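For reference, the chains in residue letters:
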There are 2 protein chains.
Amino acid sequence: MDRLLEFARIMTRAINFSAGPAALPLEALKAAQDELLDFEGSGISIMEHSHRGKEYARVHEETKALFHELLNIPDTHQLLFMQGGASAQFALVPMNLLRGRSADYIDTGTWSKKAFNEANIVGKARIAGTGKVDGRYTRVPKQDELDLDPNAAYLHFTSNNTIMGTQFHEFPDSGDVPLIVDMSSDLLWRPIDVSKFDLIYAGAQKNIGPAGITILIGRKELFQDSPKELPAIFRYETVAEGDSLHNTIPVFPLYMIRNVLRWVKAQGGAPEMEKRNRTKGELLYGMIDEAPDFFRSHIDKDSRSFMNPVFRLPSEDLEKKFIEEAAKLRISGIKGHRSVGGIRVSMYNAVPIEWVQTFVEFARDFHKKFG
Amino acid sequence: MDRLLEFARIMTRAINFSAGPAALPLEALKAAQDELLDFEGSGISIMEHSHRGKEYARVHEETKALFHELLNIPDTHQLLFMQGGASAQFALVPMNLLRGRSADYIDTGTWSKKAFNEANIVGKARIAGTGKVDGRYTRVPKQDELDLDPNAAYLHFTSNNTIMGTQFHEFPDSGDVPLIVDMSSDLLWRPIDVSKFDLIYAGAQKNIGPAGITILIGRKELFQDSPKELPAIFRYETVAEGDSLHNTIPVFPLYMIRNVLRWVKAQGGAPEMEKRNRTKGELLYGMIDEAPDFFRSHIDKDSRSFMNPVFRLPSEDLEKKFIEEAAKLRISGIKGHRSVGGIRVSMYNAVPIEWVQTFVEFARDFHKKFG
C-alpha cells in the first residue's frame, strides 16, 4: 500500500472509474488543450467556429469517416448525431417508429425500463423478456426465454446495463422484427456486426466522448418518411436529410469525439479495444472470483459486464471504508449507483489496463487488511 | 490598409464576427485551457467528471447563481438547462403549453417562422403581427400593429433576428396572455426585466457560451403540471423537478458557460455589456449612415439589431471582394446568411470594441478604394 500511496502522490492525473461522463484518452484531451485557442491555425477556437464553416465541416466529415471505418458501417446504414442523450431517444424511437403498432422491450434494469415507460406513453409497448430474478437484475435473458411478438414494430434492448453490471454477450435474434439497441455504455468496446441492427443509438459519454452528443446508426429506410404529425425537429427524417446539421450541432463535443476516435484508430481500432477490455475484465473478475465471500457478485457469470463490473463487500461500513481508502490513492468514481449501492468499477475504452492493475492491487490489500 | 495588414500578421487570434457558434471571451477559453487536464486539482478533466459528482455540482450551482445575479432573476422564476437548442424549444413550447388552445406568433423572419411552423404541427397557432414589408423583413412590428388574441395560450416572439438583422428594442405587451420570447441571439446583451416574461429561452451559442445548452427562464407555475401524455423527457416538469439533472447534462458546455458568465461579471455585468454593445453598434451603423449608397441597409433605424448588423454592397461581386479583402486581415464570419446574402457583422458580448474599430477602418478603406 505504501508503494501505491507514493505513486498516487506523484500522479498528476487521478484514476477515474466514473460510470459516465467518464475518463477520456489523455491524448484526446491534450490535443484539445493544445489547440483550444487556435484551431488549425485559424486563430479561432473550434468552439467559436460556425457549424456551417469549412473548419467544422472537416471535423464533421472526419468524425463520420472514423465511425464508418471503426465500426465498419455498411452502405445500408446512415450515421446521425443528435442531442438529448439516450433519454431523448427513449421517446424519439417510439415517436418515429411505433406508428400505431406495439413494440417489444427486454427489461434488464433501470435504463431499459425508462425506455419502456416512454414507449408506453407514446403508444403501446410490452415486455418480451426480463433479466430480473427474485426481484434483482442479475443477468440478461437468453434467446429461448424471450417471448417475441412477430408483429411488433421493433424489439428494443439495452446491450450493457451500467447500473446493474450486466451485458449481452450474444445479441437477441428478433427474426423479421426490426432490432433496436441502446448501446450507450458499450458502443465500440469491441467490433460488432452493424448490419444485424436496424438502429443502434448511444449517448457519447462512455466510450465515445464527452456528454452532449447522441450517436444513431440506423438503416436508411428507417430514417425516411417519419410521421408528419411530429414536429420537424423530432423527425429522424429531418436529421438524416440535414446530415445532422439541420440546426446548430454541439461543435465542441463533436470535435472531442473526433479526437477520441483518432485515438481508438491509432491504438488499433475496435479489435484492440476488445483485447484490452477483456484483459481488464479478467483482472477485475479474477479478483472477485478469488475471494467471492469478500468481493460479492450476484451477477451470472455469462452476463457479466466488461464495462461496469459491480460487487458488494460484506457490509456497507466496509464499502464506505473501501471508497475512502481508494480515494487516498486518487482512485475515484467507484461508488455504485445510488439506486443499488455497492462498488462499481467502470472500465471504458479510455481506462488503461494499468489503472485496473492498480485497483486490483489496492482491493487485494484491502481484503487482507479488513477481510 | 498596410498598417492593418501588418497588425493581422502578428495577431495570434483572428477577428471573428461569426453569427453563432461565435467568439467567446479569450479569458473564458484560457481558463478552460489551463485546467483542461485537471479540474481544480482533481486530476480529472471537467468533461470526465460525473454530472452527479461534487466537482460538477459546484459548476452547476455557480452557473445558476451567476445567471440569477447577472439577469436579476426574480424568485417567481426558475432557470433550467436543456439540450436541442432553440429549435427543440420551437416544438417543446407548444407541446408543453398549448394544451388545446391557440397561440399567437409574431413573424419577424426565419426563426420565428420555424417556431410558428412547429406550433402548427403540435396544435393551433396564428400570426399576430409581422415584420415583413413588401416581401422583406425590414423591421419589427410596433405594439399598435399587433392583432392579439386575448384568449391565446401565449404570445411568442423572437427578440433578435440573427438573419434579418432586426431587434425588438421595446418588447410587445401581451396583456394577460403569457409572453414567451426566443432570446437566443441577444440574451444578456443588456439588462432586462425578467418578470415581464413568462418564459425566456435561448440557445447558448451567441452571448452565453458554446453550442450544446439551451437556457430556459420561466415562471415556476409554467414548469409544473406538464401534460401527462408527453414523454417524461419532454415535460418541463421533469427538467424543473430534476434541477436540469434528470439525465446527463452536457458538462463541458455548461462549464464553459460558467467561464463566460464569470467574465461578464468581472467586466461589470449586463450594464457594461450594454454600454459596449451600444458603442459597437454606433461605430458600425455610423459607418453605414455615412455612406448609405455604398453600405446599403434596408432595415428601419428603430429596428436595427445591435447583435447582427446586416448590409449589402452595390453588387454581389463587390460583396465577394469585400469578404476576400477582409480575410486578408484575418476578419472572418462576415458573409450574410445563405438565405439572404450580403454582409453580416455579428457583434456579441465577447466581440471587443477594437475588433469593430478595425472592421470599420477596413470597410471605409474598402469604400474609398472600390466605391
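Up top is the structure these notes are about.
Remember, it's a predicted structure, so these values are computed and weren't measured experimentally.

S.K.: How should I be thinking about the interface of chain A and chain B in this particular structure?
M.R.: It is common to give the size of an interface as the accessible area lost on bringing the parts into contact. Of the residues lining the interface, 64 residues belong to chain A; the matching set on chain B comes to 64 residues. Considering only the surface of chain A that becomes buried against chain B, A:Leu37, A:Met47 and A:Glu48 emerge as the three largest contributors, covering 15% of it. Taken together, the links from chain A to chain B amount to 2 salt bridges. Joining chain A to chain B, the criterion identifies 25 residue pairs in polar contact (both at pLDDT 80 or more).

S.K.: Before we go on, may I ask you to explain the nonpolar core in this structure?
M.R.: In summary, soluble globular proteins display a tendency toward joint burial of nonpolar side chains. A:Ile215 and B:Ile215 are the most contacted members of the largest nonpolar core, which has 112 residues in total. Apart from the residues lying within four places of it in its own chain, the contact partners of B:Ile215 are B:Phe67, B:Leu79, B:Leu80, B:Phe81, B:Leu187, B:Ile200, B:Tyr201, B:Ala202, B:Ala204, B:Ile208 and B:Ile257. Counting 62 residues, the second-largest nonpolar core is a separate cluster that includes A:Tyr105, A:Ala115, A:Leu230 and B:Leu199.

S.K.: What is the right way to look at the relation of the copies chain A and chain B in this model?
M.R.: The operation relating the two chain copies consists of a rotation about an axis and a shift along that axis. Superposition of chain A onto chain B requires a rotation of 180° combined with a translation of 0.0 Å along the rotation axis, giving an RMSD of 0.0 Å. What the rotation and shift describe, once combined, is the action of a two-fold rotation axis. Across chain A, the smallest distance between a C-alpha and the rotation axis is recorded for A:Gln33, namely 2.7 Å. Taken as a fraction of all interface residues of chain A, those also at the interface in chain B reach 100%, which identifies the copy contact as same-surface.

S.K.: Help me understand the packing of aromatic side chains, please; the structure alone is not making it clear to me.
M.R.: Aromatic ring pairs are reported here in terms of the distance separating the ring centres and the angle at which the planes meet. Summed over the entire model, instances satisfying the criterion amount to 52 aromatic pairs over all chains. Aromatic pair A:Phe366 and A:Phe370: ring centres 4.6 Å apart, planes at 35°, arrangement tilted. You can see A:Phe366 and its partner A:Phe370 sitting in helix α10 (residues 353-370), 4 residues apart, about one turn around the helix. By relative accessible area, A:Phe366 is classed as buried at 0%. Centre to centre, the rings of B:Phe294 and B:Phe366 are 6.2 Å apart; their planes meet at 40°, and the pair counts as tilted. One end of the pair, B:Phe294, is in the loop between α8 (269-290) and β13 (310-311); the other, B:Phe366, is in helix α10 (residues 353-370), and 72 residues separate them in sequence. A residue is classified by how much of its surface remains accessible, and B:Phe294, at 5% relative accessible area, is buried. Here the aromatic cluster, defined as three or more aromatic residues joined through ring pairs, consists of A:Phe17, A:Phe294, A:Phe295, A:Phe311, A:Phe322, A:Trp355, A:Phe359, A:Phe362, A:Phe366 and A:Phe370. Between the NZ or CZ atom of A:Arg278 and the centre of the ring of A:Phe306, over which it lies, the distance is 5.2 Å.

What counts, and where the lines are drawn
Residues numbered from 1 in each chain as written. Chains lettered and ligands numbered in written order. Predicted model: local features only at pLDDT ≥ 70, side-chain atom pairs only at ≥ 80, totals over all residues. Heavy atoms only, no water. Contact = heavy atoms within 4.5 Å. Buried area = accessible area lost by both parts, 1.4 Å probe. Salt bridge = Lys/Arg side-chain N within 4 Å of Asp/Glu carboxyl O. Polar contact = N/O pair within 3.5 Å; in protein donor to acceptor, adjacent residues only side chain to side chain. Core = buried A, V, L, I, M, F, W, Y, C linked by side-chain atoms within 4.5 Å. Buried < 20%, exposed > 50% of the residue type's maximum accessible area, 1.4 Å probe, protein only. Least-squares fit on C-alpha atoms with pLDDT ≥ 70 in both. Phe/Tyr/Trp six-rings, centres within 6.5 Å; stacked < 30°, edge-to-face > 60°. Helix = DSSP H or I, 4+ residues; strand = E, 2+ residues; numbered from the N terminus. Lys NZ or Arg CZ within 6 Å of the ring centre and 35° of its normal.

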